[in-house]
Amino acid sequence: MAAAKEIRRMGERANELQAQITELSDQGKDVDALLNEYGQVQDRFEHLGGYELESNARKILSGLGFKVTDFERPCSEFSGGWQMRIALAKLLVRNPEVLESLCSDGRNPRYLNDLEFDRNSIAPSSDLDAVVRDADIVILATPSAYLKDFLAPLTVPLRDKFVVSAIKGIVPGDYQTVVEYIHDHYGLSYRQIGLVTGPSHAEEVSRGKLSYLTVVCADPENARRIGERFAGENIRLSYSADLYGVEYAAILKNIYALSVGIAVGLGYGDNFLAVLIANAAGEMTRFLEESYPDERNTQVSAYLGDLLVTCYSTYSRNRRLGLLIGHGCTVKSALNEMTMVAEGYFAADCIRHINFRHRVDMPIADMVYRVLYEGASARRCMQELTTKLI
């Protein structure tokens, strides 16, 4: 990290010197001293690996959908969604040591770094084709906003694989859930696609705290087959065939956690939070029933439990994003503060788009959308929402 800061400092100084040299040369003044310093700065930049870092950054930004013409634009010009991609690019550029550390020490130095993976059981790799080619079951766990870019280099077909999504989001632009996207773009039947959902936070799972997972597959036999891979001493399993309901519940709970974070940041108390979350649970059930009627019990863990833990837990990234906004941060600055992706940001826009077809009354999701995408006052929107809750 220190080297990265030094590279950035050298790059900024080189740009300053270049501007000064150009200005003084136009005025006919002596620039020998500046040229000498510029040469030293460039040598230091190269020695630190600045050019390699810059090349890697350009490759990563291109993979995240940026154009070459975007590379010279200041970050402040990009909208919130693109800001999130920039944040991801920073993590990818700065963390080449993650793969190396996983391979050598069985640890991720950036996340849950006290957890040691069994290197006899995993084989970390940056070769997506090789990983998919050798697998019968492919588990997707990348943020939904980057799923298309993540899978873009894949040339190995998925049609003979079983794909499991652990992603709690919608693919932006396509306005599809991950299950729908994989079905439509990779030719898999719904019987070849499954879900693994909570309520569970990785922080607690990694520490051996008792956690419950729900495995969702259209085919009960496949659900059991997947469940065997996840079962453990501290992992209890339940099963469901409600692909649509469980996946959308996992998406919606992130939006509702954002609303809770905003409320906490604005100073609302536990009494109000209980009412807000109860109404969120009702709103989620209403959306599922009106958009895709089925026999489902939304009071069980995969629906209500996941909602509760995401709204109340200090581990919740979506609650954290809402908290920052409630404390007065702009949406853009709040997104920049996040070190991990808050899926609720993208979900708020996608659910609003999808709900145009269904026209379900969703005052909480609408409030979050207005704050995130229309620049509406969080305090005023929350005050208006209080008149719609029961």
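Residues numbered from 1 in each chain as written. Predicted model: local features only at pLDDT ≥ 70, side-chain atom pairs only at ≥ 80, totals over all residues. Heavy atoms only, no water.

**Re the pattern of salt bridges**
- If you walk through the whole model with that rule in mind, you get 7 salt bridges.
- In this structure, the salt-bridge partner of Asp306 is Lys253, at a minimum N-O distance of 3.9 Å. Taken together, the residues span a long stretch of sequence, with Asp306 in helix α13 (residues 301-312) and Lys253 in helix α11 (residues 243-266) at a distance of 53 residues. By the burial criterion, Asp306 is buried, and Lys253 matches it.
- A salt bridge links Arg352 to Asp366; its shortest N-O distance comes to 3.7 Å. With a gap of 14 residues between them, Arg352 in helix α16 (residues 343-358) and Asp366 in helix α17 (residues 363-373) connect regions that are remote in the sequence. (Salt bridge = Lys/Arg side-chain N within 4 Å of Asp/Glu carboxyl O. Helix = DSSP H or I, 4+ residues; strand = E, 2+ residues; numbered from the N terminus. Buried < 20%, exposed > 50% of the residue type's maximum accessible area, 1.4 Å probe, protein only.)

**Some details on the side chain of Glu180**
- Its location among the elements puts Glu180 in helix α8 (residues 178-186).
- A polar contact is formed between the side chain of Glu180 and the backbone nitrogen of Thr177, at a distance of 2.8 Å.
- Residues contacting Glu180, with those up to four places away along its chain left out, are Tyr190, Tyr244 and Tyr248. (Polar contact = N/O pair within 3.5 Å; in protein donor to acceptor, adjacent residues only side chain to side chain. Contact = heavy atoms within 4.5 Å.)

**Some words on the pairing of strand β7 (residues 235-240)**
- Direction of pairing for strand β6 (residues 211-217) relative to β7: parallel, over a ladder of 6 bridges. Bridge pairing links Val215 to Tyr239 in β7.
- Regarding topology, helix α10 (residues 220-230) serves as the crossover connection from β6 to the parallel β7, and that connection is right-handed. (Pairing = 2+ DSSP bridges. Right-handed = clockwise from strand over helix to strand, strands pointing away.)

**Describing the packing of aromatic side chains**
- Throughout the structure, instances matching the rule amount to 8 aromatic pairs.
- For the pair Tyr244 and Tyr248, a centre-to-centre distance of 4.6 Å together with 40° between the ring planes defines the contact as tilted. On the criterion of helical spacing, the pair formed by Tyr244 and Tyr248 is a turn pair, its members being 4 residues apart in helix α11.
- For Tyr248, a relative accessible area of 2% puts it in the buried group. (Phe/Tyr/Trp six-rings, centres within 6.5 Å; stacked < 30°, edge-to-face > 60°.)

**Considerations on the nonpolar core**
- Leu140, Ile182, Tyr248, Tyr256, Phe287, Leu321 and Ile325 are the most contacted members of the largest nonpolar core, which has 81 residues in total.
- Discounting residues that sit within four places of it in the chain, Tyr256 has contacts with Ala280, Glu283, Met284, Leu307, Cys311, Met362, Ile364 and Ala365.
- Of all hydrophobic cores here, the second largest spans 10 residues; its members include Ile137, Val164, Leu213 and Ile235. (Core = buried A, V, L, I, M, F, W, Y, C linked by side-chain atoms within 4.5 Å.)

**Side note on the environment of Gln20**
- Within the secondary structure, Gln20 sits in helix α1 (residues 2-26).
- The class for Gln20 is partly exposed, based on a relative accessible area of 32%.
- In this structure, the C-alpha to C-alpha distance between Gln20 and Leu34, residues 14 residues apart in sequence, is 7.9 Å.
- If we skip the residues at most four places from it in the chain, Gln20 touches Arg13 and Leu34.

**Here we look at α10**
- Of the positions making up α10, those classed as buried are Asn222, Ala223, Ile226 and Gly227. Buried residues in α10, looked at end-on, bunch into an arc of 140°, giving them a common side. Opposite the buried face of α10, by more than 90 degrees, sit the exposed residues Glu221 and Glu228.
- Tucked into the core, α10 has its buried residues touching β1 (137-140), β2 (162-165), β5 (193-197), β6 and β7.
- Here α10 starts with a cap whose side-chain oxygen sits 2.9 Å from the backbone nitrogen of Glu221, and that cap is Asp219. (Arc of directions from axis to C-beta.)

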